[in-house]
Amino acid sequence: MLSYQHAYHAGNFADVHKHLTLYAVIDHLLRKSSPITFFDTHAGRGLYPLEASETQRLGEYRHGMLPLWQAREALSDEPLLASWLEAIAGLQPNPGRLERYPGSPWWLSQRLRRDDRLQLFELHPGEHEHLAQQALPTNVRRIHADGLAGLSAALPVATPRVCALLDPSYELKAEYAEVAVSVLGAMRKARHAVVLVWYPLLPAARHLELLERLRDGGLRKIWRSELTLREPGEERGMYGSGMLVVNPPWGLDERLAAAMARVTPLLGDTSRYRADWWVEE
Ligand code: SAM
């Protein structure tokens, strides 16, 4: 039985890293007019009221989204951050107050055009129920099913372009390998797909299995970025957040480097951001 609920972690440093990367990818893809089918294989609730008891319990957004929100005026000269923060500001019921944090379904649906498509998979019945209650455009499908199997079954698609986000909770060790198998399978069916994969950085370093399987899988371009809060010492728990982008849009690395150079110092004295090509032809 699944127990992970993203509401306990909404708006934390990993969400900032993941959603800013996703936002930049979407922004690049929307520069061309040809339609796109988007997939979110692990959608979660879609929207997180920060006052919710689950979110208040750990209050992780106070060390993630909140410092950025508080610095938004100073960050307004950085183009990617300015538009990302403006999108978040537009979502708040009371101007000037950070009361809601948007999840990946919101980021993916917010700028969807008439001929684009979005499929949101969520397996947890309670989380899916929350997602079903969100107001989303009509070209968004919410599917209560396994997202990895759902992605595989849905490919290839009718639109010329495809973009998928895989953002599991990695509650089970097997998920690292399953995600790699799923990405490689998806790329065989849609060679030009842009695929984003989030992974946690934990002392056990299980993400290396995911990375190595992808490196050995014959893909041509995989870009990696990691945001760490501290060195991976003895301390338990997640010390960093990782993102892979298969077939990244041109210029993504520079845009994110400029934005993350401003974000990273706001997340603590020991936080670091680094990015490189994990696979380059
Ligand atoms: N992508 C979301 C975001 O950025 O706002 C957060 C997703 S959260 C990290 C992972 C979600 O995946 C949880 O809501 C969990 O219930 C769901 N989940 C776990 N296994 C799944 C599966 N096999 N298929 C679809 N959803 C799954």
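In what follows, the structure referred to is the one given above.
Residues numbered from 1 in each chain as written. Predicted model: local features only at pLDDT ≥ 70, side-chain atom pairs only at ≥ 80, totals over all residues. Heavy atoms only, no water.

1. Some details on the site of the ligand
The condition that has to hold: The near set for a molecule or strand comprises every residue that places at least one heavy atom within 4 Å of it. Each polar contact in these results corresponds to two N or O atoms within 3.5 Å; when the atoms are within protein, one needs to be able to donate a hydrogen and the other to accept it, and residues that are neighboring in sequence are counted only if both atoms are side-chain atoms. Using a 1.4 Å probe, accessible areas were evaluated by the Shrake-Rupley method; residue-level cover was limited to the displayed protein chains. Using a 1 Å grid laid over the protein atoms alone, points where a 1.4 Å probe fits but cannot get out form a cavity; open sets with protein on both sides within 12 Å along at least 5 of 7 lines form a pocket; any residue with an atom within 4 Å of a point counts as lining. Just a note on the criterion: a molecule sits in a pocket or cavity if more than half of its atoms are within 2 Å of the grid points.
Within the structure, the ligand sits among 19 residues, and H19, H42, E122, D146 and D167 are positioned closest to it. The contact in question runs from a nitrogen atom of the ligand to an N or O atom on the side chain of S104, over 2.8 Å. In the complex, 96% of the free accessible area of the ligand, which totals 600 Å², lies under the protein chains. A majority-of-atoms criterion places the ligand in the largest pocket.

2. As for the layout of surface pockets
Our working rule: Grid points are joined across faces, edges and corners, and a volume is the space filled by probe spheres set on the points. A run of H or I in DSSP becomes a helix once it reaches four residues, and a run of E becomes a strand once it reaches two; helices and strands are each numbered from the N terminus. The residue classification treats Ala, Val, Leu, Ile, Met, Phe, Trp, Tyr, Cys and Pro as nonpolar and Asp, Glu, Lys and Arg as charged. All others, Gly included, are polar.
Of the volumes computed, that of the largest pocket is approximately 1,000 Å³. The wall of the largest pocket is formed by 45 residues, among which Y4, H6, P168, S169 and Y170 lie closest to the centre. Where the lining of the largest pocket is concerned, the elements lending two or more residues are α1 (13-29), α7 (147-154), α8 (174-189) and β7 (194-201). With five residues, the top contributor of residues to the lining of the largest pocket is α1. Classifying every residue of the lining of the largest pocket by side-chain character gives 20 nonpolar, 14 polar and 11 charged. One number sums up the size of the second largest pocket: a volume of about 780 Å³. Around the second largest pocket, the lining is made up of 32 residues, and of these H192, A193, V194, N247 and P248 lie nearest the centre. When residues of the lining of the second largest pocket are traced back to their parent elements, those giving at least two are α1, β6 (161-166), α8, β8 (221-228) and α10 (252-263). If you tally residues by element for the lining of the second largest pocket, the top one is α8, at three residues.

3. Re the packing of α1 against α10
The line we're drawing: Whenever a helix is involved, its axis is fitted only over the stretch in contact; in every case the axis is a line through C-alpha atoms, and angles between N-to-C directions fall within 0 to 180 degrees. Two helices crossing with the near one rotated counterclockwise from the far one by less than a right angle form a left-handed crossing, whereas a clockwise rotation gives a right-handed crossing. The contact criterion used is simple: two residues touch if any of their non-hydrogen atoms lie within 4.5 Å.
Two numbers describe how α1 lies on α10: the axes approach to 10 Å, and their chain directions differ by 145°. Between α1 and α10 lies a crossing whose hand is right-handed. Only L252, R255, L256, A259, M260 and V263 of α10 make contact with α1, whose side of the interface consists of V16, H17, L20, T21, A24, V25, D27 and H28. When grouped by side-chain class, the residues that make up the contact of α1 with α10 number nine nonpolar, three polar and two charged.

4. Points about the packing of aromatic side chains
Note the cut-off: Centre distance within 6.5 Å is the pairing criterion for rings of Phe, Tyr and Trp, where only the six-membered ring of Trp is used; planes under 30 degrees apart are then read as stacked, over 60 as edge-to-face, and the remainder as tilted. For each residue, the accessible area found with a 1.4 Å probe, counting protein chains only, is set against the maximum for its type, and the residue is called buried under 20%, exposed over 50%, and partly exposed in between.
Taken as a whole and assessed by the stated rule, the structure comprises five aromatic pairs. Ring plane angle 75° and centroid distance 5.5 Å describe the contact between Y23 and W107, whose orientation is recorded as edge-to-face. Pair noted here: Y23 is in helix α1 and W107 is in helix α5 (residues 104-109), with a separation of 84 residues, a long-range link. Accessibility expressed as a relative area gives 7% for Y23, which makes it buried. An angle of 25° between the planes, with centres 4.4 Å apart, marks the rings of Y170 and Y176 as stacked. The pair formed by Y170 and Y176 is uniform in burial state, with each residue classed as buried.

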